[in-house]
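Residue strings, one per chain:
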Amino acid sequence: MDELIRRLMAQGLTEEQAYKAVEVIKDFTKEKFPLFSGAIDKLFDKYSPKTDEDDFMP
């Protein structure tokens, strides 16, 4: 997903806009292919940036 974010930013989007665009694409794909929504979530979650909140051990 980092590569996709970098490509979107190279096209002039801010980092925030790039992440929002990816979120829109994810939601659109889930709407069009509801049978695969679980797989789509897993795919995007796997490649989404990790935050400190994701770490259960501080």
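Overview of the structure.

Our next topic: the environment of K26. Residue position: K26 is located in helix α2 (residues 15-32). Taking the C-alpha atoms as reference, K26 lies 7.8 Å from D41; in sequence the two are 15 residues apart. Among residues more than four places away in sequence, those in contact with K26 are I40, D41, F44 and D45.

A few words now on the environment of L4. Of note, L4 is situated in helix α1 (residues 2-10). Distance from L4 to V22, taken between C-alpha atoms, is 8.2 Å for residues 18 residues apart in sequence.

Let us look at the pattern of salt bridges. Summed over all chains, the structure comprises four salt bridges. When the shortest N-O distance is used, the salt bridge between D41 and K26 registers 3.5 Å. Taken together, the positions of D41 in helix α3 (residues 37-46) and K26 in helix α2 put the pair 15 residues apart, joining distant regions of the chain. Of the residues examined, D41 reaches a relative accessible area of 23% and is grouped as partly exposed. For K26, a relative accessible area of 11% puts it in the buried group. Via salt bridges that share partners, K26, K30, D41 and D45 belong to a single interconnected network.

With that settled, consider the environment of F44. Tracing the backbone shows F44 in helix α3. With near-sequence residues (within four places) excluded, F44 lies in contact with M1, V22 and K26.

Conventions we followed
- Residues numbered from 1 in each chain as written.
- Predicted model: local features only at pLDDT ≥ 70, side-chain atom pairs only at ≥ 80, totals over all residues.
- Heavy atoms only, no water.
- Helix = DSSP H or I, 4+ residues; strand = E, 2+ residues; numbered from the N terminus.
- Contact = heavy atoms within 4.5 Å.
- Salt bridge = Lys/Arg side-chain N within 4 Å of Asp/Glu carboxyl O.
- Buried < 20%, exposed > 50% of the residue type's maximum accessible area, 1.4 Å probe, protein only.

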